[in-house]
Amino acid sequence: MPKKPTTPKNVIAVAPGQWQLSQSAYQVFRAERVSAGLVMVVHFNGADEGDGMGAIAHVQLPQSSTENSGMLAVDTALQTMETELLALAQQKEIAVASISEMQVFLAGGAQLFAFGGGNNALNIGSRNVEAAHRWLQSHHALVTAEAVGENRARNVEYYVSMGQVWVTPLGGEDAVLAGPETD
Amino acid sequence: MNGLKPLSLADLKTLAEKMERPPEVAIQLNRLLHSPNVNAEALATVIKMDSRMTAQVLRLCNSAAYGLKREITTVKEAVAMLGTNALVSMVYAILAKVSLDKDVSGYGLEKGQLFRNALTGALYSRYLAGRMRGDEPVDGEQAFTGAILRDIGKVLLGDYVGDAYGDIEHVAMERQISFPQAEKEILGVSHLEAGHYMAKVWGLPDMLVKSIRYKTEPSAMPTSDPFRKQHFPVVAAVHLGDAFVRMNGIGIGVDGLMYLLDEAALRLLPESQTDAGMEGLMAGLIALHPQVDDMLSFLEKEGA
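Everything numeric in this text was worked out from a predicted model, so none of it was measured. Each chain carries its own residue numbering, running from 1 in the direction its sequence is written. Labels follow written order: the first chain is A, the first ligand is 1, and so on. For this predicted model, a pLDDT threshold of at least 70 governs which residues receive local features, and a threshold of 80 or more governs which side-chain atom pairs are given and counted, while totals over whole chains, interfaces and linings are taken from all residues. Processing note: side-chain calculations cover all non-hydrogen atoms of the structure and skip hydrogens and water entirely.

K.L.:
Whenever I open this one, the sheet that holds strand β2 (residues 19–21) of chain A confuses me. Can you help?
P.N.:
Either a parallel or an antiparallel arrangement is found when strands of a sheet pair, and the pairing is made through backbone hydrogen bonds. All names here are of chain A. Strands were regarded as paired on the criterion that DSSP finds at least two bridges between them. Secondary structure follows DSSP: runs of H or I at least 4 residues long count as helices, runs of E at least 2 residues long count as strands, and numbering of each begins at the N terminus. Strand order in the open sheet made by the five strands is β2-β5-β4-β6-β7, with mixed pairing throughout. The sheet is open, and its two edges are formed by β2 and β7 (145–148), each paired on a single side. Neighbouring strand axes in the sheet, compared pairwise and without regard to direction, differ in orientation by 10 degrees on average. Pairing of β2 with strand β5 (residues 53–59), which is carried by three bridges, proceeds in the antiparallel orientation. Looking at the pairing, Trp19 lines up with Ala57 of β5. We call two residues in contact whenever any of their non-hydrogen atoms come within 4.5 Å of each other. Every axis corresponds to a line fitted to the C-alpha atoms, with the helix fit spanning only the stretch in contact, and the corresponding angles, defined between N-to-C directions, vary from 0 to 180 degrees. Lying over the sheet, helix α1 (residues 74–91) contacts β2, β4 (38–44) and β5, oriented at roughly 165 degrees with respect to β5. Against the sheet, helix α2 (residues 124–138) touches β4, β6 (103–108) and β7, its axis set at about 30 degrees to β4.

Here it is, written out as structure tokens:
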């Protein structure tokens, strides 16, 4: 496995309810202590390293039906990221037509230990992950790689130039999520 | 297992002695809150004993975090505007920063994280108290005060947990028991018990002592406790606030989500029973985050 790069000082933080569109291929984004929430990265590799582009969102809710959910919700965030990335691709004269041609990475969706009552409403971490899969399927897209579930919070870093998403569970080891062309 | 020697009462005593004792104003406030003569004037008199605390209370009252429409210039006015319990919450928020704003690297918490977690949990607990349905309304300010010092035991046990984390995590995951239960098995004491000990040494009010001891399992409060019925809903609000802070990942450490939910506490929160209700709760709680940021930035500037 490749070694995790050192986090640069100018890393851009992505808090719950926020999202970011890459302005240059050399940006690095970081979401900290992602717990039941979900970090979703949509990435598009360019012809060379400097052409890569992508977007990252840190969401907390499976759907936007809740009042004031905005960018807190999986569906709104994925739709916004796809629309904005396609607009960016057009600006850069890159031929890409939909999210199904991009790579999608998920990290988060952790949950508390189960309890006797088995109340699924509380399992919002799993519901966030399921909602992302459902939305992507309905848009003919697949998850490229994911680190989801379990009971630990994760720090997540997205390196646009490499198309890599590094996931570090608190108290655990670094792991990389990457597309097929990365070692 | 790494063969760590379990902690003894003497070890806890040594650790507790290293902690900074709360200032005199806090001890006097506790005494006053235990007395039947608590009123706005008496409360203002005690706070005014400490000029730094008086100034901080007034500035916090007038900060964006409280959003009052007119300027408050005296502690007595502050009590009249906010109420006795809200003012006590404010004093505890200021005091908690002294005890909790530390690097607790054993739990994976850099300086600032534990206090952010404490303050967010306190605001969450207050919000949830207002949405709980029981025989009596739950006092949101008591829930705030109960929640703010709930993890004081982590400051005491930090170094020990750092050394034994692998073992604690292994036991918790393998048996699906809560992180504090696994701490108890490996270290001989959990951060709940360490916090409980600390709260007793400091002479904190009974409600705070119970919130610290039972924050992960309110139902474990002894049935023989004559105040159980009265205290349970507040401790339940603290428990739920803590659980939601974990789910939102605010200032959580290596113990992560290795916690169980207390069914009896959850039953007091009907919205948690449906997907839509739960999502509405989450959105409502996240909407409190700017208030957390305002309070943190105010306390940071104050050097509280």
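K.L.:
Would you mind going over the packing of helix α7 (residues 113–129) of chain B against helix α15 (residues 275–286) of chain B with me for this structure?
P.N.:
Think of two packed helices as two axes; the pair is described by the angle between the axes and how far apart they sit. All names here are of chain B. It is the contact of α7 with α15, at a shortest axis distance of 10 Å, that shows an interaxial angle of 135 degrees. Between α7 and α15, the angle is such that the two are oblique. You can see that α7 and α15 cross each other, and the crossing is right-handed. Here Tyr124, Tyr127 and Leu128 of α7 lie close against α15, whose contacting residues are Leu281, Gly284 and Leu285. Considering only residue class, the contact of α7 with α15 consists of five nonpolar, one polar and no charged. Roughly parallel refers to an angle under 35 degrees, roughly antiparallel to one over 145, roughly perpendicular to one between 65 and 115, and oblique to any angle outside these ranges. Crossing handedness: left-handed means the near helix sits turned counterclockwise from the far one by under a right angle, and right-handed means the same turn made clockwise. Any residue that is not Ala, Val, Leu, Ile, Met, Phe, Trp, Tyr, Cys, Pro, Asp, Glu, Lys or Arg is counted as polar, Gly included; the first ten are nonpolar and the last four charged.

K.L.:
Is there a simple way to think about the environment of Asp174(A) in this case?
P.N.:
Residues and elements named next belong to chain A. Of note, Asp174 is situated in the loop between β9 (164–169) and β10 (175–178). Measuring from C-alpha to C-alpha, the distance between Asp174 and Ile99 comes to 27 Å, with 75 residues separating the pair along the chain. For this analysis, a polar contact is any N or O atom pair within 3.5 Å, provided that within protein one partner can donate a hydrogen and the other can accept it, and provided that sequence-adjacent residues contribute only side-chain to side-chain pairs. At 2.6 Å, the side chain of Asp174 and the side chain of Thr168 are in polar contact.

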